[in-house]
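# Secondary and tertiary structure notes
The residues making up each chain are set out below.
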Amino acid sequence: MNILKALLKQLLGAKYERIAKSLIACLIAFLAIRTSEIEIEIAPSIFFLTATAFSAGIMWQVLNSSGNADRMMGLFMLPFGNRKMTLSIVLAFTGYTLITKTFLVLTLFFAVYEWSAVQAAVSLLCAGNGCFMAAAWTCCTKCGGTEKKKQLPVVFLWCAAVLLSIFLVQDLISFALIVLASLCISVFCLFAEDAYGFYRPASAKQLIKHTKGTGSIFLYLLRYLITNRNYLLNTAGLCLIAAFLPLILGQFEGLYVMPLGFAILCLNTPICILLSCDPDLEQAVRVLPGQAGRFCSRYCVFIFLVNMTVSSVYLVSWQVQHGGVCGMEILAMLLIAMQSAVLSVLLEWFYPIRSWKIEGDLWHHPRKYVVPLIMLLTAVLIGMWSVSIWILLCIVFIESFSLSLIARRI
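A word on the overall build of the protein chain. Of the regular secondary structure elements, the protein chain holds 18 helices and zero strands. The proportion of buried residues among the 410 residues of the protein chain is 46%. Carbon together with sulfur atoms contributes 71% to the accessible area of the protein chain, which is approximately 20500 Å² in total.

This is the structure:
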């Protein structure tokens, strides 16, 4: 209980104040949607799938967060029992995931559709099962070895069986029993593993610290991206969205909505918070003379290249599905990608995010919507062909002003 309390206080605050804040946010969201009388018919399978997949994804991000390195280092220096340590870690991070993240998503489902008490209970069971499955997966894969690699097909079959049961099992009681059985399997797997499976001896920034002395800031940023699988998965997910986004936007006939896709794909949160998530790097950049402008200029180019990679997938997909891509679309892609990079760097430099517990707090911070919202407004203006030339000139002016601001102020 002491280990569990210590972890919960670090994640939820000294007096567990984040619990009250999260519940208040859920209540406000529920009342706001209910009073607007928005009703959407949702299949129970989608409800249960969202509860399972979302909770598992957030739990996996939390367990693999580089912000846990120092916390785990101090925790594992103390004497502990293996199963007590495992259970404390899983329960603490599961509670954090459910209270601060999953409850808000489930609130949206409860606000737009009438669910029975049994369905609500099963959705919470699915959320808990998703967290425990993610914890079991993390613990098993980090305790590597040939025997563990042989178990991977079994783990994949286990996950596939849970996902298929969501769509194939219609009886609610039978499905709840399957989820409960999966939860028991997760607990058994966790107790059979070593608690050091949750220990991160070095964060991503420590793994690549040798690149800081080479003078190649761009190499440092690239290595940072490669060593953080969460960042790569987020970028890969955006590329997948970019491939299918023309299917959705192409349905709006008579409207020039193609630039909206470029703006949507700028929502690559992990890439835009590298200073906030690495306080040591930020301190070094701000203290050393001449390093700020040098770092920020290359950071801007780095975000621009990532945006261009994702936007290029969207552009190629649009050309394959609808055609009609010309020089104006390519110019819009270049301008939106560059403006998004410049604004992201300025926002990260002048308004970094402080007082966060784990990286999940950074990724879900409301600040991440500021730049995409500005880019959406820019895309709408670009779509107004009657004033497109003037809009492009204004964007070029904003680009020049932003770059000069970086050069002079920083």
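A complete count under the given rule lists one salt bridge for this structure. A salt bridge links Glu-114 to Arg-34; the nearest nitrogen and oxygen atoms lie 3.0 Å apart. Of this pair, Glu-114 sits in the loop between α5 (82-112) and α6 (117-142) while Arg-34 sits in helix α2 (residues 17-35), and the two are 80 residues apart along the sequence. Under the relative-accessibility criterion, Glu-114 is labelled exposed at 57%. We classify Arg-34 as partly exposed; its relative accessible area is 33%.

All right, on to the packing of aromatic side chains then. Under the defined criterion, the tally for this structure stands at nine aromatic pairs. Ring geometry for Phe-47 and Trp-115: centres 4.3 Å apart, planes at 25°, overall stacked. Here the residue Phe-47 occupies a position in helix α3 (residues 44-63), and Trp-115 occupies one in the loop between α5 and α6, the gap between them amounting to 68 residues. Note on Phe-262 and Tyr-314: the rings are 5.1 Å apart at their centroids and 85° apart in plane angle, and the pair reads as edge-to-face. Of the two residues, Phe-262 sits in helix α12 (residues 258-264) while Tyr-314 sits in helix α14 (residues 291-321), which places them 52 residues apart along the sequence. The exposure class assigned to Tyr-314 is buried, which follows from its relative accessible area of 0%. Members of the aromatic cluster, each reached through a chain of ring pairs, are Phe-47, Phe-48, Phe-109, Phe-110, Tyr-113, Trp-115 and Phe-175.

This part takes up the environment of Leu-31. Structurally, Leu-31 is set in helix α2. Residue classification places Leu-31 among the partly exposed positions, given a relative accessible area of 44%. A C-alpha to C-alpha distance of 9.8 Å links Leu-31 and Thr-107, two positions 76 residues apart in sequence.

A separate point is helix α10 (residues 217-227). Buried within α10 we find Ile-217, Tyr-220, Leu-221, Tyr-224 and Leu-225. One face of α10 carries all of its buried residues, which in axial projection span an arc of 135°.

For the pair α3 and α5, interaxial distance at closest approach is 9 Å and the crossing angle is 140°. By the angle between their directions, the pair α3 and α5 is classed as oblique. Considering the relative orientation of α3 and α5, their crossing is right-handed. Of the residues assigned to the contact of α3 with α5, the class counts are 16 nonpolar, five polar and one charged.

Moving on, we come to the packing of helix α1 (residues 2-12) against α5. Axis separation between α1 and α5 bottoms out at 9 Å; the angle between their running directions is 30°. Viewed along their axes, α1 and α5 adopt a mutual orientation that is roughly parallel. By crossing handedness, the relation of α1 to α5 is classed as right-handed. Contacts between α1 and α5 pair Ile-3, Leu-4, Leu-7, Leu-8, Leu-11 and Leu-12 from the former with Met-85, Ser-88, Ile-89, Leu-91, Ala-92, Phe-93, Tyr-96, Ile-99 and Thr-100 from the latter. Taken together, the residues of the contact of α1 with α5 break down into 13 nonpolar, two polar and no charged.

Reading the values: rules and limits
Residues numbered from 1 in each chain as written. Predicted model: local features only at pLDDT ≥ 70, side-chain atom pairs only at ≥ 80, totals over all residues. Heavy atoms only, no water. Helix = DSSP H or I, 4+ residues; strand = E, 2+ residues; numbered from the N terminus. Buried < 20%, exposed > 50% of the residue type's maximum accessible area, 1.4 Å probe, protein only. Areas by Shrake-Rupley, 256 points an atom, 1.4 Å probe, with all protein chains shown as cover. Salt bridge = Lys/Arg side-chain N within 4 Å of Asp/Glu carboxyl O. Phe/Tyr/Trp six-rings, centres within 6.5 Å; stacked < 30°, edge-to-face > 60°. Arc of directions from axis to C-beta. Axes fitted to C-alpha atoms, helices over the stretch in contact; angles between N-to-C directions. Parallel < 35°, antiparallel > 145°, perpendicular 65-115°, else oblique. Left-handed = near helix turned anticlockwise from the far one by under 90°. Nonpolar A, V, L, I, M, F, W, Y, C, P; charged D, E, K, R; others polar. Contact = heavy atoms within 4.5 Å.

The analysis is restricted to geometry; functional conclusions fall outside its scope.
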